[in-house]
Amino acid sequence: MAAMKPQLYILTGGSRGMGLAMARQILSQGHHLLTIARQRNEDLDLLAQQHQAQLSQWQHDLAEPYAAAEQLQQWLGKHHAQNFDRVVLINNAGVIPPIAPLSHTDWAAISQALRVGLEAPMILTSAFLQATQAWDIPRQVLNISSGLGRRAIASQATYCAAKAGMDHFSVSVALDEAVKPNGARICSLAPGVIDTDMQLQLRSASAQAFPDVDRFTNLKQSGALTSAEDAGTRVLAWLDRADFGQPVVADVRQA
């Protein structure tokens, strides 16, 4: 019996939170992984060695995504589809700007959040699709969205806009790919409410700056938050669904 081929994953924001949890699970299964984040994670290097998995960690600030996209396109061009069972891009990185009404938000923070949360995923997806268009294996793009892109809240206009934009660009790209012989399958997935640094930021805000602070505090106190590890497991499992990408805009809580 022929040996199982590894899968190839590209993951942004893999150095902490749910991204780190997904990186650990991918490596534990012996797959090949490229992470793109501002920080390296030495624990991932050890885990890759332990499971004989290939790991590359690139340090990029995705507020300046061109360099990462160019490097990704060149890097994928040096790989061969026959070495893998599938190739997956997971656009997970995002930032939450200071919690305040837009009228009181620093313009640089608005620009950074939109570049990391929307511009970078679009440019990286373009690079990924161009570099793998001739690959005759399953190709998937999983964009990590949010319920806040579908139900806006006060004092987070930039984050809500970035996630709403992610949903819509995913639908458009899915239409592009649907008419190609081996078009990639796209999904913009809300992972649920997760116990991460973002939730801590929201709970720590003042009621004056953030009218919904009590709701987010109650989520923590009532045990309604999912751990990063469990959320990562559910997100990665979504990639294995036969109906992945149908619909394009999805939520793990509506499985």
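The structure we're discussing is the one just above.
Within every chain, residues take consecutive numbers counted from 1 along the sequence as written. Where totals are concerned, whole chains, interfaces and linings use all residues; where local detail is concerned, this predicted model gives features only for residues with pLDDT of at least 70, and gives and counts side-chain atom pairs only at 80 or more. Hydrogen atoms and water are omitted, and side-chain values are computed over all heavy atoms in the structure.

Observations regarding helix α7 (residues 213-221)
1) Next: For each residue, the accessible area found with a 1.4 Å probe, counting protein chains only, is set against the maximum for its type, and the residue is called buried under 20%, exposed over 50%, and partly exposed in between. Strands here mean DSSP runs of E at least two residues long; helices mean DSSP runs of H or I at least four residues long; both are numbered from the N terminus. Taken together, the buried positions of α7 are V213, F216 and L219. Taken down its axis, α7 places every buried residue within 120° of arc, on the same side. For α7, the exposed residues set more than 90 degrees away from the buried face come down to D214 and Q221.
2) Next: On its buried side, α7 packs onto α6 (197-204). Our arc is simply the arc of the directions from the helix axis toward the C-beta atoms. Contacts are assigned to residue pairs with any non-hydrogen atoms lying within 4.5 Å of each other.

Here's the deal with the sheet that holds strand β3 (residues 55-59)
Picture the strands of a sheet paired through backbone hydrogen bonds; they go either parallel or antiparallel.
1) Next: Strands are labelled as partners when DSSP assigns at least two bridges between them. On the basis of which strands lie adjacent, the open sheet formed by seven strands has the order β3-β2-β1-β4-β5-β6-β7 and parallel pairing. Only two strands of the sheet have a single neighbouring strand rather than two, namely β3 and β7 (249-251). Each strand axis lies, on average, 20° off the axis of its neighbour in the sheet, ignoring direction.
2) Next: Two elements, strand β5 (residues 139-144) and strand β6 (residues 185-190), share five bridges in a ladder whose sense is parallel. By the bridge assignment, Q140 is partnered in β6 with R185.
3) Next: Orientation is described by axes fitted as lines to C-alpha atoms, over the contacting stretch for helices, and by angles from 0 to 180 degrees between their N-to-C directions. Its contacts with the sheet place helix α8 (residues 228-238) against β4 (87-91), β5, β6 and β7, and it is angled at close to 155° to β6.

Re the packing of aromatic side chains
By convention here, two paired aromatic rings are described through the distance between centres and the angle between planes.
1) Next: Only rings of Phe, Tyr and Trp enter the pairing, Trp through its six-membered ring, and a pair is recorded when the two centres are within 6.5 Å. The plane angle decides the type: under 30 degrees is stacked, over 60 is edge-to-face, the rest tilted. The full count for this structure, using the stated rule, is one aromatic pair.
2) Next: A ring is scored as having a charge over it whenever the NZ atom of a lysine or the CZ atom of an arginine sits within 6 Å of its centre and within 35 degrees of its normal. Against the face of W238 rests R241, its NZ or CZ located 4.0 Å from the ring centre.

Re the side chain of R86
1) Next: Mapped onto the elements of the fold, R86 is located in the loop between α3 (66-77) and β4.
2) Next: Think of a polar contact as two N or O atoms within 3.5 Å of one another; within protein, one of them needs to be a possible hydrogen donor and the other a possible acceptor, and neighboring residues in sequence only count if both atoms come from side chains. A polar contact of 2.9 Å, which involves the side chain of R86, links it to the side chain of Q140.
3) Next: Not counting residues within four places of it along the chain, the set of residues in contact with R86 comprises Q7, L8, Y9, I137, P138, Q140, L239 and D240.

Remarks on the environment of L55
1) Next: In this structure, L55 sits in strand β3.
2) Next: Spatially, the C-alpha atoms of L55 and L33 are 4.9 Å apart, while their sequence positions differ by 22 residues.
3) Next: Here L55 is in contact with L27, L33, T35, L44, D45 and A48, once residues within four sequence places are set aside.

Section: the nonpolar core
1) Next: Definition of nonpolar core: a set of buried residues of the types Ala, Val, Leu, Ile, Met, Phe, Trp, Tyr and Cys, connected through side-chain atoms within 4.5 Å. Of all hydrophobic cores here, the largest spans 38 residues; its most connected members are I10, L72, W75, L76, F128 and W135.
2) Next: When contributions to this core are tallied by element, the ones reaching two or more residues are β1 (8-12), β2 (32-37), α3, β4, α4 (107-132) and α5 (157-178).
3) Next: F128 has contacts with I10, L72, L76, V87, V88, L89, Q140 and V141, leaving out every residue within four places of it along the chain.
4) Next: Within the second largest apolar cluster, 31 residues are counted, among which are A21, L33, L189 and V252.

Observations concerning helix α2 (residues 42-50)
1) Next: Those residues of α2 not exposed but buried are L44, L47 and A48. Projected down its long axis, α2 carries its buried residues within an arc of 100°, all on one side. Facing away from the buried surface of α2 by more than 90 degrees, the exposed residues are E42, L46, Q49 and Q50.
2) Next: If you follow the buried residues of α2, they end up packed against α1 (17-28) and β3.

Here's the deal with unusual backbone geometry
1) Next: Q246 connects to P247 through a cis peptide bond whose omega is 5°.
2) Next: By the element assignment, P247 lies in the loop between α8 and β7.
3) Next: For Q52, which is not a glycine, the phi torsion comes out positive at approximately 55°.
4) Next: Note on placement: Q52 falls in the loop between α2 and β3.
5) Next: Its identity as a non-glycine residue notwithstanding, S155 has a phi of 65°, on the positive side.
6) Next: Classification of S155 as buried rests on a relative accessible area of 9%.

Brief notes about the pairing of β6
1) Next: Most of β6 is tucked away: five of the six residues are buried.
2) Next: Looking down the strands as they point away from the viewer, one classifies a crossover as right-handed if the path from the first strand across the helix to the second runs clockwise. The parallel pair β5 and β6, bridged by α5, forms a crossover whose chirality is right-handed.
3) Next: Where β6 lies against β7, three bridges are found, and the strand directions are parallel. Among the inter-strand pairings, S188 is bridged to a residue of β7, identified as V249.

What to know about the side chain of N91
1) Next: Here N91 is to be found in strand β4.
2) Next: Residue N91 is classed as buried on the basis of its relative accessible area of 1%.
3) Next: Non-local contacts of N91, meaning those with residues more than four positions away in its chain, are made with T12, P121, L124, T125, V141, L142, N143, I144 and M166.

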